[in-house]
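# Reading the structure
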Amino acid sequence: MFSGLVSGMGKIRQMKKGQETIELTVEPIDSHFLDKVQIGDSIAIDGTCLTVEEFNDHQFMVTLMPQTFEKTTFKDRQIGSLVNLERSLQVGSRLEGHIVTGHVDEITQVVDRHRNENAIELFFNLPKRLMGQIVPQGSVAINGVSLTVMATTNEWFSVGLIPHTQAITNLDELQVGSRVNLETDILGKYVAANLKVGSK
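What counts as what
Residues numbered from 1 in each chain as written. Predicted model: local features only at pLDDT ≥ 70, side-chain atom pairs only at ≥ 80, totals over all residues. Heavy atoms only, no water. Helix = DSSP H or I, 4+ residues; strand = E, 2+ residues; numbered from the N terminus. Rg over C-alpha atoms; globule rule 2.2 N^0.38 Å. Buried < 20%, exposed > 50% of the residue type's maximum accessible area, 1.4 Å probe, protein only. Areas by Shrake-Rupley, 256 points an atom, 1.4 Å probe, with all protein chains shown as cover. Core = buried A, V, L, I, M, F, W, Y, C linked by side-chain atoms within 4.5 Å. Patch = residues over 30% accessible without salt bridge, like charges linked within 9 Å, V, L, I, M, F, W, Y side chains within 5 Å. Salt bridge = Lys/Arg side-chain N within 4 Å of Asp/Glu carboxyl O. Pairing = 2+ DSSP bridges. Axes fitted to C-alpha atoms, helices over the stretch in contact; angles between N-to-C directions.

## Things to note about the overall build of the protein chain
Helices and strands together make up the secondary structure of the protein chain, namely three helices and twelve strands. Here the C-alpha atoms of the protein chain give a radius of gyration of 17 Å, agreeing with the 16 Å that 2.2 N^0.38 yields for 200 residues. Principal-axis analysis of the C-alpha atoms gives the protein chain an extent of 50 × 45 × 40 Å. Across the 200 residues of the protein chain, 43% fall into the buried class. Summed over its atoms, the accessible surface of the protein chain is roughly 10,800 Å², and 50% of this surface lies on carbon and sulfur atoms.

Okay, structure coming up:
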């Protein structure tokens, strides 16, 4: 479980594709990110919950199943790509952002980008099956970053990036056509599911 408050970024150093799995090696930019990490820990990489299998002082390795690889933007990534990193929540820590599971719902695409003084407003395609789960002032995770929905239509939704978010995540790199991992709010999922059941 995560909060969507990204701890920093890392660079993909190796992608080793086998017949059954894909091994991914990531080097955090902040050398302290791996302090106290242990084998078996969960780390969200661009919003995807993955398990640490190996690590040293500079990098860590995780394994992706083919389904995860195909359902996320990892298939778009290359050696050197920047990814957002977040360690899992600890019991007793402050819960900011919103509850993020690390299970990506869809890949979506940037359809517009505006700069408003020092902020950036990004517009994303709204997948039709997720329409009831994305609402104004609700929460979404884009590449694992907890963001507040500014506006929605039947075709798109928008979020804003403050300077701090631009500085510590890879969202500042996004341009029209960029693809991202999207996870909707878990509370919205349950509400939408209950409304669907209740209407039958």
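## Considering the nonpolar core
In terms of nonpolar packing, the biggest core is built from 20 residues, with Phe-124, Val-140, Ile-142, Leu-147 and Phe-157 touching the most fellow members. In this structure, Ile-12, Phe-33, Val-52 and Phe-69 belong to the second largest nonpolar core, which totals 18 residues.

## Points about a nonpolar patch on the surface
On the surface, a cluster of nonpolar side chains totalling about 240 Å² of accessible area is made up of Met-1, Leu-89 and Ile-99. With respect to the secondary-structure elements, Ile-99 resides in the loop between strand E6 (82-87) and strand E7 (106-116).

## Some points on unusual backbone geometry
The phi dihedral of Lys-36 falls on the positive side, at around 70°, and the residue is not glycine. Located in the positive-phi region is Glu-117, a residue other than glycine, with phi close to 55°. A relative accessible area of 75% places Glu-117 in the exposed class.

## Quick word on the sheet that holds strand E10 (residues 145-152)
The pairing of strands in a sheet happens through backbone hydrogen bonds and is either parallel or antiparallel. In spatial order, the strands read E7-E8-E11-E10-E9-E12; together these six strands close into a barrel with antiparallel pairing. Sheet twist, expressed as the average angle between the axes of neighbouring strands with direction ignored, equals 45°. Here four bridges tie strand E9 (residues 139-142) to E10, and the two strands are oriented antiparallel to one another. The partner of Ser-139 across the bridge, within E10, is Thr-148.

Limitation: the analysis is restricted to geometry and does not speak to function.
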